[in-house]
Amino acid sequence: MTFLKKLCFIIIGKLEGTVIGIDSISMILKTKKGKVVIPIKKVVEKTVKVEEQL
């Protein structure tokens, strides 16, 4: 699992939050309600909006 130094805010479908970790099979997203593990397959299949955080 790789934990990111530069965090990105993303929106995938109805989920939105900050990416805090990623590996070859999943991504961890920190949302307002907690952490969510998203399979990479869902990330690849959906439109993902990325917003840089300053």
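Criteria and thresholds
Residues numbered from 1 in each chain as written. Predicted model: local features only at pLDDT ≥ 70, side-chain atom pairs only at ≥ 80, totals over all residues. Heavy atoms only, no water. Core = buried A, V, L, I, M, F, W, Y, C linked by side-chain atoms within 4.5 Å. Buried < 20%, exposed > 50% of the residue type's maximum accessible area, 1.4 Å probe, protein only. Contact = heavy atoms within 4.5 Å. Pairing = 2+ DSSP bridges. Helix = DSSP H or I, 4+ residues; strand = E, 2+ residues; numbered from the N terminus. pLDDT = per-residue confidence, 0-100.

A. Region of interest: the nonpolar core. If you look at the biggest cluster of nonpolar residues, it comprises eight residues: I10, I12, V19, M27, L29, I38, I40 and V43. Ignoring sequence-local partners within four residues, the contact set of I10 consists of L15, E16, G17, V19, M27, L29, V48, K49 and V50.

B. Just the pairing of strand 5 (residues 34-39), in detail. Across six bridges, the pairing between strand 4 (residues 26-31) and strand 5 is antiparallel. Across the sheet, the residue bridging to T31 is G34, located in strand 5. Connecting strand 4 to the next strand, strand 5, in antiparallel fashion are two residues.

C. Up close: the confidence of the model for the protein. Here the protein averages 84 in pLDDT, while 83% of its residues score no lower than 70. Within the protein, strand 1 (residues 2-3) has the poorest average pLDDT of any element, 56, and strand 5 the best, 95.

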